[in-house]
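# Reading the structure
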Amino acid sequence: MNPKTYHHISSNPSSVKSRFTRGFLRAFKKIKRQQRPYLYGRVKIAADKSLALAVGSRRAWSRALLWKIHYKAWRQRSRFNNKKKLLKENKKNKKNKKKKNDDEEVGFRHAKELRKLVPGGEAMDLCSLLDETAHYIKCLITQVQVMKSVDQIYSF
């Protein structure tokens, strides 16, 4: 990548955009070097992890997203050893999800859907949820811009 192209991505080296770009490109190179097939899921995980690491632990959604990525990786590694245990956990989780949420009673029907979309949203009050959602959307827009730039660079 030439310096002019990198300058186009972001001029501030300490911005979230720059930190995300560096982390994503590092992860993308690592994926390309591996002998395994090129999978969409691996690129998505690399993009999500790079974005969460670029934001840091300041935001609840970034902490929740990193925890989710690490938990899924751990679960995949131990899946074959603990298959029966995981089935029991899934049954318990399904029973717990049937409980009513306070937001439905107050009239915030859309808050339930928003909680599913924002990482860590299940544990937030409505005010925090809206604040984290706004920041998460800004970061997702940045992620899309950077990935479009990377696509243009690698397609030539």
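Read on for a plain summary of the structure. Source: prediction; values computed, not measured.

## Side note on the overall build of the protein
Looking only at helices and strands, the protein features eight helices and zero strands. Listing the helices and strands of the protein from first to last along the sequence gives α-α-α-α-α-α-α-α. In the protein, buried positions account for 30% of the 156 residues. In the form shown here, the protein has an accessible surface area of approximately 11,900 Å², with 56% of it arising from carbon and sulfur atoms.

## Digging into the environment of alanine 134
In this structure, alanine 134 sits in helix 8 (residues 126-155). Sequence separation between alanine 134 and valine 118 is 16 residues; the distance between their C-alpha atoms is 9.8 Å.

## Describing helix 2 (residues 16-33)
Count 3.6 residues to each turn of an α-helix, and residues three or four apart come out pointing the same way. Between its first and last C-alpha, helix 2 extends 26 Å over 18 residues, near the 26 Å set by a 1.5 Å rise per residue. Looking only at helix 2, the buried set comprises Ser18, Phe20, Thr21, Gly23, Phe24, Leu25, Phe28 and Ile31.

## Section: helix 3 (residues 40-55)
The terminal C-alpha atoms of helix 3 lie 23 Å apart, and with 16 residues this matches the ideal 22 Å at 1.5 Å per residue to within 8%. Regarding helix 3, the residues found buried are Arg42, Val43, Ala46, Ala47, Asp48, Ser50, Leu51, Ala52, Ala54 and Val55. Next to the buried residues of helix 3 lie helix 2, helix 4 (60-78) and helix 8. Of the residues trailing helix 3, glycine 56 is marked for its positive phi of about 85°.

## As for a positive patch on the surface
A cluster of basic residues, Arg22, Arg26, Lys29, Lys30, Arg33, Arg36 and Lys49, forms a positive patch on the protein surface. In terms of residue count, the dominant contributor to the positive patch is helix 2 (five residues). Inspection of the secondary structure puts arginine 26 in helix 2.

## A word on the nonpolar core
Phe20, Phe24, Trp61 and Val118 are the most contacted members of the largest nonpolar core, which has 23 residues in total. The element contributing the most residues to this core is helix 3, with seven residues. In this structure valine 118 touches Trp61, Met124, Leu129, Glu132, Thr133 and Tyr136, once residues within four positions along its chain are discounted.

## Digging into the packing of helix 2 against helix 8
Packing of helix 2 against helix 8 leaves a shortest axis separation of 10 Å and a crossing angle of 50°. Taken together, helix 2 and helix 8 sit at an angle that is classed as oblique. In this structure, helix 2 meets helix 8 at a crossing whose hand is right-handed. Listed contacts from helix 8 to Lys17, Phe20, Thr21, Phe24, Leu25, Phe28, Lys29 and Lys32 of helix 2 are Thr142, Gln143, Gln145, Val146, Met147, Val150 and Tyr154. Residue composition of the contact of helix 2 with helix 8, grouped by class: eight nonpolar, four polar and three charged.

## Things to note about the packing of aromatic side chains
In this structure the tally under the stated criterion is four aromatic pairs. A ring pair is formed by tryptophan 61 and tyrosine 136, whose centres lie 4.8 Å apart and whose planes are at 55°; its orientation type is tilted. With tryptophan 61 in helix 4 and tyrosine 136 in helix 8, this pair connects stretches of sequence that are 75 residues apart. A single burial state applies to tryptophan 61 and to tyrosine 136, both of which are buried. Joined through ring pairs, the aromatic side chains of Phe20, Phe24 and Phe28 make up one cluster.

Scoring rules and cut-offs
Residues numbered from 1 in each chain as written. Predicted model: local features only at pLDDT ≥ 70, side-chain atom pairs only at ≥ 80, totals over all residues. Heavy atoms only, no water. Helix = DSSP H or I, 4+ residues; strand = E, 2+ residues; numbered from the N terminus. Buried < 20%, exposed > 50% of the residue type's maximum accessible area, 1.4 Å probe, protein only. Areas by Shrake-Rupley, 256 points an atom, 1.4 Å probe, with all protein chains shown as cover. Expected span 1.5 Å × (residues − 1). Contact = heavy atoms within 4.5 Å. Patch = residues over 30% accessible without salt bridge, like charges linked within 9 Å, V, L, I, M, F, W, Y side chains within 5 Å. Salt bridge = Lys/Arg side-chain N within 4 Å of Asp/Glu carboxyl O. Lys, Arg positive; Asp, Glu negative; His and termini not counted. Charge placed at Lys NZ, Arg CZ, Asp CG, Glu CD. Core = buried A, V, L, I, M, F, W, Y, C linked by side-chain atoms within 4.5 Å. Axes fitted to C-alpha atoms, helices over the stretch in contact; angles between N-to-C directions. Parallel < 35°, antiparallel > 145°, perpendicular 65-115°, else oblique. Left-handed = near helix turned anticlockwise from the far one by under 90°. Nonpolar A, V, L, I, M, F, W, Y, C, P; charged D, E, K, R; others polar. Phe/Tyr/Trp six-rings, centres within 6.5 Å; stacked < 30°, edge-to-face > 60°.

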